[in-house]
Amino acid sequence: MLTPWGDFAVCDAHVHFFSPAFFARLAAESGQTLAEIGRTLDWRIPPSCEDLAAAWKRELDESSVARAALIASVPGDEDSVAAAVELHPERFWGFFMANPVAPDGATNGVERVQKALAGGRMQGVCLFPAMHRYSVADPRVRPVFEAAAAHPGAIVFVHCGVLTVGVRRKLGLASRFDMRYSNPLDLHAVALEFPSVNFVIPHFGAGYFRETLMLCDLCPNVYMDTSSSNSWVRYLPGRLDLKDVFQQALEVAGPHRLLFGSDSSFFPRGWHAQILQAQMQALYAIEISAEHASLILGGNLQRLLARPEGGL
């Protein structure tokens, strides 16, 4: 992609894969048909995972994005993203949401995490402690970190801070999240105990920016992704803007631990190009070097998810 710093690969660390299974889950929970959900949201519901994978590939092609991490966005849906990765392994990495404290471990929990990572198509385990109401220090979560440690090239994505799911709100579904489990500092002891595992905190901590900076300062295996509109800045004192956020993140974590993400999710909007433009403008305004821009916008993610020699 041609950027203000030159032509280099841009990779997206945060794209939601809203599969047919995702919408089927919403339909079952809301009592609405898929057609009714589509009309309520004004979204296009994909007929198949293959169709959705092709749509995301077209979006990346049209925006000159080299590669993206696709996130299966309900627990138990990793096969949907695995199918997309199998179709386009040069364009997609596979991430999946897991609930390690789910009652049915074989369906949603730790056993499923272990199986998905062993299958070779999935590299990112996405944990949402506030959504599923558990602490990352809970002993039931430990096997997730052990599984990631056993598979070099795997990462653990931990959503912290403010969590809202707009699709649920629009469909009138409750979101019984518990913010007590949203603090990035809860990950401190875990990250120290598993130094070979790389952890990613999305959205700069989504309101827990100070705490995320502390965690990154203390744990060299913790990264931040830059995804979303980052509207959480309104919670912070003063008049912090995206330039300030990048400047402080660079001062603490350095350019090697920031990962560009868009938080793209649904169609017909498709890939959220405005997020990239806003972030490039902020980085350009603080006069970041071309080398560091290329790392943040793609190089770091490529390095982080590179398979070891002989890996899948």
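Residues numbered from 1 in each chain as written. Predicted model: local features only at pLDDT ≥ 70, side-chain atom pairs only at ≥ 80, totals over all residues. Heavy atoms only, no water.

A.B. asks: Hey, could you run me through the packing of helix α12 (residues 242–253) against helix α13 (residues 273–285) in this one?
C.D. replies: Think of two packed helices as two axes; the pair is described by the angle between the axes and how far apart they sit. It is at 9 Å that the axes of α12 and α13 come closest, and there the two elements cross at 65°. Helix-helix and strand crossings are classified by hand; for α12 and α13 the assignment is right-handed. For the pair formed by α12 and α13, the contact residues are Leu242, Lys243 and Phe246 on the first element and Ala278, Gln279, Ala282, Leu283 and Ala285 on the second. Looking at the contact of α12 with α13, its residues break down into six nonpolar, one polar and one charged. (Axes fitted to C-alpha atoms, helices over the stretch in contact; angles between N-to-C directions. Helix = DSSP H or I, 4+ residues; strand = E, 2+ residues; numbered from the N terminus. Left-handed = near helix turned anticlockwise from the far one by under 90°. Contact = heavy atoms within 4.5 Å. Nonpolar A, V, L, I, M, F, W, Y, C, P; charged D, E, K, R; others polar.)

A.B. asks: Explain the pairing of strand β9 (residues 222–225) here, please?
C.D. replies: On a regular strand, each side chain points to the face opposite its neighbour's, so the side chains alternate between the two faces of the sheet. Of the two faces of β9, both are covered, the one formed by Val222 and Met224 as well as the one formed by Tyr223 and Asp225. For the crossover from strand β8 (residues 198–201) across helix α11 (residues 209–218) to β9, the handedness is right-handed. In this structure, β9 lies alongside strand β10 (residues 258–259), joined through two bridges in parallel fashion. Looking across to β10, one finds that methionine 224 is bridged to leucine 258. (Buried < 20%, exposed > 50% of the residue type's maximum accessible area, 1.4 Å probe, protein only. Right-handed = clockwise from strand over helix to strand, strands pointing away. Pairing = 2+ DSSP bridges.)

A.B. asks: Would you mind showing me how to read the side chain of arginine 257 here?
C.D. replies: Tracing the sequence through the fold places arginine 257 in the loop between α12 and β10. Separated by 3.0 Å, the side chain of arginine 257 and the backbone oxygen of cysteine 219 make a polar contact. (Polar contact = N/O pair within 3.5 Å; in protein donor to acceptor, adjacent residues only side chain to side chain.)

A.B. asks: What should I look at first to understand the sheet that holds β8 in this one?
C.D. replies: Remark on secondary structure: sheet strands pair via backbone hydrogen bonds, oriented parallel or antiparallel. With parallel pairing, the eight strands of this open sheet are ordered in space as β3-β4-β5-β6-β7-β8-β9-β10. This sheet does not close on itself; its edge strands, each paired only once, are β3 (11–17) and β10. Two strands pair when backbone bridges link them, and strand β7 (residues 155–158) and β8 are joined in this way by three bridges, in the parallel orientation. Paired with phenylalanine 157 across the strands is valine 200, a residue of β8.

A.B. asks: Got a minute to help me understand the pattern of salt bridges in this structure?
C.D. replies: A side chain with one charge can pair with a side chain of the opposite charge if their charged atoms come near. Within this structure, the stated rule accounts for ten salt bridges. The shortest N-O distance in the salt bridge between glutamate 29 and arginine 168 comes to 2.5 Å. Separated by 139 residues along the polypeptide, glutamate 29 in helix α1 (residues 20–30) and arginine 168 in helix α9 (residues 166–170) bring together distant segments of the chain. A relative accessible area of 43% means that glutamate 29 is categorised as partly exposed. (Salt bridge = Lys/Arg side-chain N within 4 Å of Asp/Glu carboxyl O.)

A.B. asks: Teacher, can you tell me more about the environment of glutamate 146 here?
C.D. replies: Along the chain, glutamate 146 falls in helix α8 (residues 142–149). Relative accessible area serves as the criterion here: at 37%, glutamate 146 is assigned to the partly exposed category. Note: C-alpha distance between glutamate 146 and arginine 257 (111 residues apart in sequence) is 22 Å. Of the polar contacts made by the side chain of glutamate 146, one reaches the side chain of arginine 142; its length is 3.0 Å.

A.B. asks: Would you mind showing me how to read helix α2 (residues 34–41) here?
C.D. replies: Along an α-helix, a turn takes 3.6 residues, which lines up residues three or four apart on a common side. Within α2, the full set of buried residues consists of Ile37, Gly38 and Leu41. The arc that holds every buried residue of α2, seen down its axis, measures 100°, which confines them to one face. If you follow the buried residues of α2, they end up packed against α1 and α9. Immediately beyond the C-terminal end of α2, within one or two residues, lies aspartate 42, with a positive phi of roughly 60°. (Arc of directions from axis to C-beta.)

A.B. asks: Which parts of the structure should I look at to understand the environment of alanine 293?
C.D. replies: Of note, alanine 293 is situated in helix α14 (residues 290–304). Judged by relative accessible area, which is 0%, alanine 293 ranks as buried. The spatial distance from the C-alpha of alanine 293 to the C-alpha of histidine 256 is 9.9 Å, given a sequence separation of 37 residues. For alanine 293, the contacting residues outside a window of four places in its chain are Trp5, Phe8 and Ile288.

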